[in-house]
Amino acid sequence: MKFQIVHETSARIRVQLSLPRMTVEQADLLETYLQMVQEIQRVAVHERTCCVIIHFAAGRAKILDALSRFSFSSPQVQKLTPAHTGRAVNRAYQEKLFRMLLGKGISTLFFPVPLRIAYTVIKAIPYLYRAVRCLLRGQLHVELLDGISIFVSLLRGDFGTAGSVLFLLGLGELLEEWTHKRSIENLASSMSLHIDRVWRKTAEREECVPLSQIQPGDCVAVHMGSVIPLDGTVVEGEAAVNQASLTGEPLPVMKRPGSTVYAGTVVEEGSCVLRAAEGCGKSRYDQIVAMIEQSEKLKSVVENRAASLADKLVPYTLAGSVLVYLCTRNAARALSVLMVDFSCALKLSIPLAVLAAMREAGLYHITVKGGKFLEAVAQADTVFFDKTGTLTHACPTVAQVIPFGGHEASEMLRLAACLEEHFPHSMANAVVQAARKQHLTHEEMHAKVEYIVAHGITSTVQGERVRIGSAHFIFEDEACRIPSGETEKFDALSPVYSHLYLAIGDELAAVLCIHDPLRAEAADVIRALHELGVQQTVMLTGDSAHTAAAIAAEVGVQAYHAEVLPEEKAHFVEQARAQGHTVLMLGDGVNDTPALSAADVGVAIRDGAPLTQEIADITIAADSLYELVILREIAEKLMLRIQRNYRFVIGFNGTLIVLGALGILPPAAASLLHNLSTLGASLHSMTNLLGRREAARWKEPSPQAGDPPLPAFGQGPCKKQPDV
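Keep in mind it's a predicted model, so treat the numbers as computed, not measured. Every chain begins its residue count from 1, and numbering advances along the sequence as written. Only residues with pLDDT of at least 70 get local features here, since the model is predicted, and only at 80 or more are side-chain atom pairs given and counted; chain-wide, interface and lining totals rely on the full set of residues. With hydrogens and water set aside, each side-chain value is computed from the structure's full complement of heavy atoms.

Colleague: Explanation requested: the nonpolar core in the structure shown.
Modeller: Among soluble globular proteins, nonpolar side chains are generally buried collectively. For this analysis, a nonpolar core means a set of buried residues of the types Ala, Val, Leu, Ile, Met, Phe, Trp, Tyr and Cys, connected via side-chain atoms within 4.5 Å. For each residue, the accessible area found with a 1.4 Å probe, counting protein chains only, is set against the maximum for its type, and the residue is called buried under 20%, exposed over 50%, and partly exposed in between. With 58 residues, the main nonpolar core has I366, V368, L584, L586, I618, L631 and L638 as its most contacted residues. Sort the elements by how many residues they give to this core and helix α24 (residues 626-661) lands first, with 12 residues. Any two residues whose heavy atoms approach within 4.5 Å are treated as being in contact. Not counting the four nearest positions on each side in its chain, L584 is found in contact with V377, A380, T382, V383, F384, V601, V603 and L628. Counting residues in each nonpolar core, the second largest holds 28 residues, with M224, V461, L500 and A510 among its members. The helix count covers DSSP runs of H or I at least four residues long, the strand count covers runs of E at least two residues long, and both are numbered beginning at the N terminus.

Here is the structure:
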């Protein structure tokens with residue numbers, strides 16, 4: 001691609017593309033391509049001006065080379081087409097807004113009076129229809145007030161007032177719809193599958209391949225805890241599948257040979273082999289957008305309260321208008337009262353504030369599945385943390401393999417990797433990566449693998465039963481023993497590490513020492529949460545009491561519970577709720593799902609198990625726990641904004657009603673001020689809750705057009721390998 005460098009600094013380049021025009025789809029494609037260039041930190045593509053702004057730290061030559069090699073017609077580039085972006089939505093609504101403002105200006109400046117009157121009457125018909133429909137149904141809703149005020153203005157010949165009311169109502173509806181659509185797009189984008197590799201089943205073996213290589217008719221193996229990558233039909237195995245992302249069903253559905261499964265659903269128990277119905281990118285998972293749009297159960301209490309209060313105030317506004325007329329016999333005063341109501345601003349500004357807060361959270365890689373969860377975050381006074389993969393990095397490493405019973409360390413690592421490679425967990429990834437670094441290949445020699453959540457894995461290798469997992473699983477559940485004469489060696493295991501125990505037959509064969517470094521920001525995050533009003537922080541872990549105590553002291557949590565099972569985690573959460581606390585639970589693994597479900601609001605790490613993200617109410621990126629602090633700040637400021645909106649709407653509109661009843665404010669002025677106040681409150685509700693300096697304390701948001709760069713905080717030292 002040809003381009004010209006328009007402006008350049010040491011960390012930023014602005015280039016002008018040699019294109020006559022650029023479509024929205026092309027802009028999305030180019031931006032996705034450049035985001036994959038390692039040297040690029042941020043990139044923004046502006047399709048209207050055909051220019052690109054690139055922020056980088058180093059590698060200028062590589063960036064320019066990547067841009068010059070880019071081609072829209074390249075098959076490799078075409079595969080990068082994103083499924084969900086907000087660019088098309090923004091373009092569509094920007095054009096609608098421009099046409100609306102242009103139409104209002106042209107009609108006001110150039111239309112003759114008779115034509116303006118006809119235009120106003122035509123525009124009023126839909127509002128009058130809604131008012132009549134409410135009346136016939138016996139509903140006293142805000143649509144009735146809008147219709148009556150427009151009708152009375154037309155009846156009095158005050159077409160200027162009627163035109164202003166119609167314009168402001170239409171503008172408010174457009175802005176509300178725009179914000180709602182953008183929020184839905186952000187949510188759909190963050191809930192996209194993001195699956196890179198899958199297990200393709202052949203007659204000989206299972207092989208890990210890129211998802212893009214899967215063709216219709218190929219067989220794909222999906223194991224417990226993994227997300228189903230494609231629509232298809234089960235041909236082998238049985239699995240309990242969580243379909244809540246598509247159907248809203250709370251309970252898993254059993255899938256057997258012949259059953260249809262859908263992309264985006266999650267295998268809770270068992271495993272299966274499916275025959276792909278379509279290739280990559282053609283799945284039913286896009287229906288998630290429609291499901292979100294139709295869902296009403298995720299509205300916050302304050303949203304429902306605002307909508308209910310708005311409708312309840314309509315009769316009082318009507319009664320006030322009638323009372324003013326009976327007392328003054330002045331139709332103008334009565335109309336002034338009718339032109340002003342509380343419900344319009346309440347119904348518009350508060351839902352917009354919630355949707356805008358969800359959109360703003362998306363800028364910081366936080367996905368909120370409903371407004372009610374933001375309200376719960378703001379009220380939370382107790383936060384429970386899982387340890388592994390949450391307070392620690394989701395990239396543990398194998399520090400040492402200690403063999404027992406005369407086995408070789410390398411062979412035990414090879415065997416452990418063979419068992420662990422099928423399951424999405426941070427420790428499993430650590431074992432697989434350690435074997436890969438030592439160039440230890442592990443062909444599929446074992447029989448069917450059974451995964452027992454939060455305990456371990458069992459299988460059969462060369463006729464012998466093999467187990468790997470926690471001490472509780474190996475020594476208590478499975479009754480394995482330490483080889484004779486090696487008890488002292490076992491007792492000398494360092495408590496600094498977490499341990500995975502590998503047993504062959506009924507005897508311990510090796511202990512894998514796992515080093516899982518704490519997140520550098522963990523202590524700061526916990527301290528910041530306390531400053532933001534969280535009363536108690538608690539750590540839950542399956543580690544030994546000695547290890548848990550050391551970590552708890554280092555990160556600063558007030559309490560901890562060690563050697564807990566998944567159901568015990570949920571019990572501690574339920575116990576806190578029973579004591580009257582509002583509980584937030586943060587976790588990343590399948591073993592955290594009971595506790596996430598039991599909490600008032602469950603927050604999952606996005607790089608964790610797919611089932612965890614499915615059950616969680618909110619997901620945050622894995623790069624930094626600072627996003628939890630940002631989430632808390634956004635939630636608290638949202639509640640504060642809603643309270644201020646209540647006070648403003650009641651105070652301002654109450655003043656307008658009094659002035660109108662006294663005859664100080666004519667109907668046209670009352671309508672204009674009322675609608676302007678509604679529009680102003682709505683526009684203010686759509687603004688970001690966090691200022692740039694305030695947000696910069698924690699994390700850098702996603703790049704927005706024209707934004708100056710912010711300093712980045714809390715970047716993790718390593719990235720977790722993708723689960724396969």
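Colleague: Help me understand helix α21 (residues 566-578), please; the structure alone is not making it clear to me.
Modeller: Each α-helix winds once per 3.6 residues, and so residues spaced three or four apart point in a common direction. With 13 residues, α21 extends 19 Å from end C-alpha to end C-alpha; this agrees with the ideal 18 Å at 1.5 Å per step. If you check which residues of α21 are buried, you get P566, K569, A570, F572, V573 and A576. Buried residues of α21 fall within an arc of 155° about the axis and therefore sit on the same side. Of the exposed residues in α21, those oriented more than 90 degrees away from the buried face are E567 and A578. As for α21, its buried residues are in contact with β13 (382-386), β20 (536-540), β21 (559-561), β22 (583-587) and α22 (593-598). Once α21 ends, the next one or two residues include G580, with phi positive near 95°. Multiplying one less than the number of residues by 1.5 Å gives the expected span of a helix. Starting at the helix axis, one direction is taken to each C-beta atom, and the arc is that of these directions.

Colleague: How should the side chain of K569 be read in this particular structure?
Modeller: On the secondary structure map, K569 appears in helix α21. Throughout this description, a polar contact denotes any pair of N or O atoms lying within 3.5 Å of each other; where both atoms belong to protein, one of them has to be capable of donating a hydrogen while the other can accept it, and for residues adjacent in sequence the pair is counted only when both atoms sit in side chains. Within polar-contact distance, the side chain of K569 engages the side chain of D592 at 2.7 Å. If sequence neighbours within four positions are ignored, K569 has contacts with D386, L540, V564, N591, D592 and A595.

Colleague: Hey, could you run me through the pairing of strand β2 (residues 12-17) in this one?
Modeller: Regular strands place side chains that alternate from one sheet face to the opposite one. Of the two faces of β2, only one is covered, namely that formed by I13, V15 and L17; the face formed by R12, R14 and Q16 stays uncovered. Pairing between strands is defined by DSSP: at least two bridges between the two strands are required. For strand β1 (residues 3-8) and β2, the ladder comprises five bridges, and the chain directions are antiparallel. Each residue of the ladder has a partner; that of F3, found in β2, is L17. Where β1 hands over to β2, the hairpin turn is made up of three residues, counted between the paired strands.

Colleague: Help me out: how do you make sense of the pattern of salt bridges in this one?
Modeller: Side chains carrying opposite charge are able to pair once their charged atoms draw close together. In what follows, salt bridge is the name for a side-chain nitrogen of Lys or Arg lying within 4 Å of a carboxyl oxygen of Asp or Glu. What the rule picks out here adds up to 20 salt bridges. The shortest N-O distance in the salt bridge between R465 and E478 comes to 4.0 Å. Of the two residues, R465 sits in strand β17 (residues 464-469) while E478 sits in the loop between α17 (471-477) and α18 (487-491), which places them 13 residues apart along the sequence. Across the pair D524 and R527 runs a salt bridge, and its minimum N-O distance is 2.2 Å.

Colleague: Sorry, what's going on with the state of the cysteines here?
Modeller: Two cysteines form a disulfide when their sulfur atoms are joined by a covalent bond. Put simply, a disulfide is two cysteine sulfurs that come within 2.5 Å. Considering all chains together, one arrives at zero disulfides under this definition. Unpaired in terms of disulfides, C51 finds its nearest cysteine sulfur in C50, a separation of 8.1 Å. We classify C51 as buried; its relative accessible area is 1%.

Colleague: Explain the environment of E375 to me, please; I cannot follow it from the model alone.
Modeller: Assignment of secondary structure puts E375 in helix α13 (residues 371-379). For the pair E375 and L638, spaced 263 residues apart in the sequence, the C-alpha separation amounts to 8.3 Å.

Colleague: Help me understand the packing of aromatic side chains, please; the structure alone is not making it clear to me.
Modeller: The geometry of two aromatic rings is summed up by the distance between their centres and the angle between their planes. Two rings belonging to Phe, Tyr or Trp (six-membered ring only in the last case) form a pair when the distance between their centres is within 6.5 Å. Interplanar angles under 30 degrees mark stacking, angles over 60 mark edge-to-face geometry, and anything in between is tilted. Taken as a whole and assessed by the stated rule, the structure comprises eight aromatic pairs. Their ring planes at 90° and their centres at 6.1 Å tell us that F111 and Y119 sit as a pair that is edge-to-face. A relative accessible area of 25% places F111 in the partly exposed class. We count a charge as sitting over a ring when the NZ of a lysine or the CZ of an arginine lies within 6 Å of the ring centre and within 35 degrees of the ring normal. In this structure, R130 is placed above the aromatic ring of Y127, and the distance from its NZ or CZ to the ring centre is 4.9 Å. Above the ring of F404, the side-chain terminus of K489 is found at 4.8 Å from the ring centroid.

Colleague: Explanation requested: the environment of Q139 in the structure shown.
Modeller: Within the secondary structure, Q139 sits in the loop between α5 (113-137) and α6 (142-155). For Q139, a relative accessible area of 28% puts it in the partly exposed group. Taking the C-alpha atoms as reference points, Q139 and P315, separated by 176 residues in sequence, lie 10.0 Å from one another. Setting aside residues up to four positions removed in sequence, Q139 forms contacts with C134 and L144.

Colleague: Please clarify how unusual backbone geometry should be interpreted in this entry.
Modeller: Residues other than glycine predominantly adopt negative phi, and peptide bonds predominantly adopt the trans conformation. Backbone geometry at C50 places phi at a positive 55°, although glycine is not the residue there. For C50, the location among the structural elements is in the loop between β3 (40-46) and β4 (51-56). Taking relative accessible area as the criterion, C50 reaches 4% and is therefore assigned buried. With phi around 65°, H365 is a residue other than glycine that occupies positive phi space.

Colleague: Help me out: how do you make sense of a nonpolar patch on the surface in this one?
Modeller: Patch membership requires more than 30% relative accessible area and the absence of a salt bridge. Residues of like charge join within 9 Å; the nonpolar side chains Val, Leu, Ile, Met, Phe, Trp and Tyr join within 5 Å. Accessible surface is estimated by sampling points in the Shrake-Rupley manner with a 1.4 Å probe; for residues, cover comes only from the protein chains shown. A surface patch of nonpolar side chains, about 560 Å² in accessible area, is lined by F98, L102, I106, L109 and F110. Position of I106 among the secondary structure elements: in helix α4 (residues 87-110).

Colleague: What should I look at first to understand the sheet that holds β1 in this one?
Modeller: In any sheet, the strands associate via hydrogen bonds between backbone groups, in a parallel or an antiparallel arrangement. Pairing within the open sheet is antiparallel, and its four strands lie in the order β1-β2-β4-β3. The sheet is open, and its two borders are formed by β1 and β3, each paired with just one other strand. Between one strand and the next, the sheet's axes are offset by a mean angle of 20°, whatever the strand orientation. Here β2 pairs with β4 via five bridges, running antiparallel. Residue pairing in the sheet places Q16 in a bridge with C51 of β4. To obtain an axis, a line is fitted to C-alpha atoms, over the contacting stretch when the element is a helix, and the angle between two such axes runs from 0 to 180 degrees between their N-to-C directions. Set on the sheet, helix α2 (residues 60-69) makes contact with β1, β2, β3 and β4; between it and β1 the angle comes to about 145°.

Colleague: What am I meant to see in the sheet that holds strand β24 (residues 618-620) here?
Modeller: One open sheet holds the seven strands; their spatial order is β12-β24-β23-β22-β13-β20-β21, and the pairing between them is mixed. The strands lining the two open edges of the sheet, one partner per strand, are β12 (366-368) and β21. Between one strand axis and the next, the sheet turns through 20° on average, direction left out of account. Across the sheet, helix α20 (residues 545-555) touches β20 and β21, and the angle it forms with β21 is around 155°.

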